[in-house]
Structure formats: C-alpha cells, structure tokens
Amino acid sequence: MRLVIARCSVDYMGRLTAHLPMAPRLILIKADGSVSVHADDRAYKPLNWMSPPCKLREETIDGVLTWSVVHSKSGEKLVLTIEEVLHDYSHELGVDPGLRKDGVEAHLQELLAEHITTLGDGWTLIRREYMTAIGPVDILCRDELGGTVAVEIKRRGEIDGVEQLTRYLELLNRDPRLAPVKGIFAAQEIRPQARVLAADRGIDCVILDYDALRGIERTDTLF
C-alpha cells in the first residue's frame, strides 16, 4: 500500500471526461494495481479511481511530474498532474484474512447453499467460499441454463457490498472456465442506492427471508 499526499489535478478520459482542479489530495496505490484519489470528506468514497487491471506510469515532462493510470482492458485513462508531493509512504500490508461474517450472515450463506433452488428451479451449487485473489465469494453456483453465478450475501445490503461483488466479478470473468459470470446481491434488506448501483452494474438483487430459510431447514431435518 502506497499513500501519497500531493497537490495535484486529476483528469479522467474514457466513456466521458472529468476534471478535478489543483488541490491537496490523498492518493492510494494498492498492491492489486488500483489507484484512487480522495479528499478530506466523502468518508471512504474516492473522488476518482481506476480499478485493476491497470498500469501506473510516472514521468516528468518539462519539470512537471505526471502519473498516468491506464486500464489495460478498456483503455480508460486517469492522469494526475502533481505540483507538489507533501508525503509519500509505502507499507506492505500482507494478505488480509478477510471479513468475518456475523452469525446471521454466516447462517444465511449456509442455508442458501443448502437450498440453492431458492434462487431458481434447476440451480446447482458449485461451492461455498469460492476463493479469488482478493478473498472468497460467498457462493458460486450455476443457473438452470448452466451459466455461472456469483452470490454475495449480506444481512443489510449497502453500496459497499455491491462494490465488493463487482470486484469479484471482474476477477471471475477472467477465468475462461467460468466466464461469463453473472452476479446476485442477496440480503435481508437492500438500500435503494445499492439497488440502483447493482442495476447499473448488471447485478440482480434478491431479498432473503431468513425465517423462511430456517423453516426450510427445519422441514428437511424433521425426520
């Protein structure tokens, strides 16, 4: 992880164009190659960012330090023109153990995996906790047509859960054995903003009834 505080302007060139004028900002460069630019507000949300796979090139042109971040698939580009570097620090974080789910989320995952046809007739489970380079997908399964589906399960569906599933889908769709991989964001309740973002990313939303799933569990184990 590299953290840089610098006076910089930021220009995005891709499906549209966007410009951030010169100002002090925090730049995060992660080991996965992602680059994000932050201000001292907006909580965890960046002003602009580039998700992997991308490449960062640093060069000085006529005395001006420029960072170009190019997405290797889409060709989108993020250009940071740096007037002054105020702080530059790197630290190796190592492999993260991942988020530990609370009891309800873990049980929802277990129940849905056992009763995967809750998502549709003819659906089959590939496995729970399918590992990717950035952590495990809650459930990987196949729909009635044999297509691969990644399911992310939350107790309460927020925007960050949709972002998490988006990152998993980017990695899973690079595997020719699995691609194309669709996404399902499943939760007991899903916030409207998360639904909007999921729809924009082509991700389906499913509301899970915990009590009903537990009822299925009790029925199946009654005798």
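You'll find the chain entered in an unreviewed UniProt entry as Endonuclease NucS, with Sphaerimonospora cavernae given as the organism. As stated in UniProt under Function (unreviewed entry), the record for the chain gives "Cleaves both 3' and 5' ssDNA extremities of branched DNA structures." Per UniProt, the chain has the following entry under Subcellular location (unreviewed entry): "Cytoplasm".

As a further point, take the domain arrangement of the chain. Here the domain parsing of the chain yields domain 1 (2–90) and domain 2 (105–218). A straight line from the C-alpha centre of domain 1 to that of domain 2 covers 32 Å. The partner domain 2 presents four residues to the six residues of domain 1 that form the contact. Where domain 1 abuts domain 2, roughly 400 Å² becomes buried across the two surfaces, and 47% of that area is made up of carbon and sulfur atoms. Of all residues in domain 1, the largest losses of buried area upon contact with domain 2 belong to Tyr44, Pro52 and Lys73, amounting jointly to 51% of the total for that side. Where domain 1 meets domain 2, there are zero salt bridges. Across the side of domain 1 that touches domain 2, the residue classes tally to three nonpolar, one polar and two charged.

A few words now on the sheet that holds strand E11 (residues 181–190). A sheet is described by the order of its strands in space; here five strands give the open sequence E8-E9-E10-E11-E12, paired in mixed fashion. Because the sheet does not close on itself, it has two edges, and the strands there are strand E8 (124–132) and strand E12 (204–207). Direction aside, neighbouring strands of the sheet carry axes that sit 35° apart on average. Where strand E9 (residues 135–142) meets strand E10 (residues 148–157), four bridges bridge the pair, whose relative direction is antiparallel. Within E10, the position partnered with Arg142 by the bridge is Thr148. Packed on one face of the sheet, helix H3 (residues 192–200) meets E10, E11 and E12 and runs near 170° to E11.

Parameters at a glance
Residues numbered from 1 in each chain as written. Predicted model: local features only at pLDDT ≥ 70, side-chain atom pairs only at ≥ 80, totals over all residues. Heavy atoms only, no water. UniProt positions renumbered as here; feature names shortened; annotations may be inferred. Domains from an automatic or database assignment. Contact = heavy atoms within 4.5 Å. Buried area = accessible area lost by both parts, 1.4 Å probe. Salt bridge = Lys/Arg side-chain N within 4 Å of Asp/Glu carboxyl O. Nonpolar A, V, L, I, M, F, W, Y, C, P; charged D, E, K, R; others polar. Pairing = 2+ DSSP bridges. Helix = DSSP H or I, 4+ residues; strand = E, 2+ residues; numbered from the N terminus. Axes fitted to C-alpha atoms, helices over the stretch in contact; angles between N-to-C directions.

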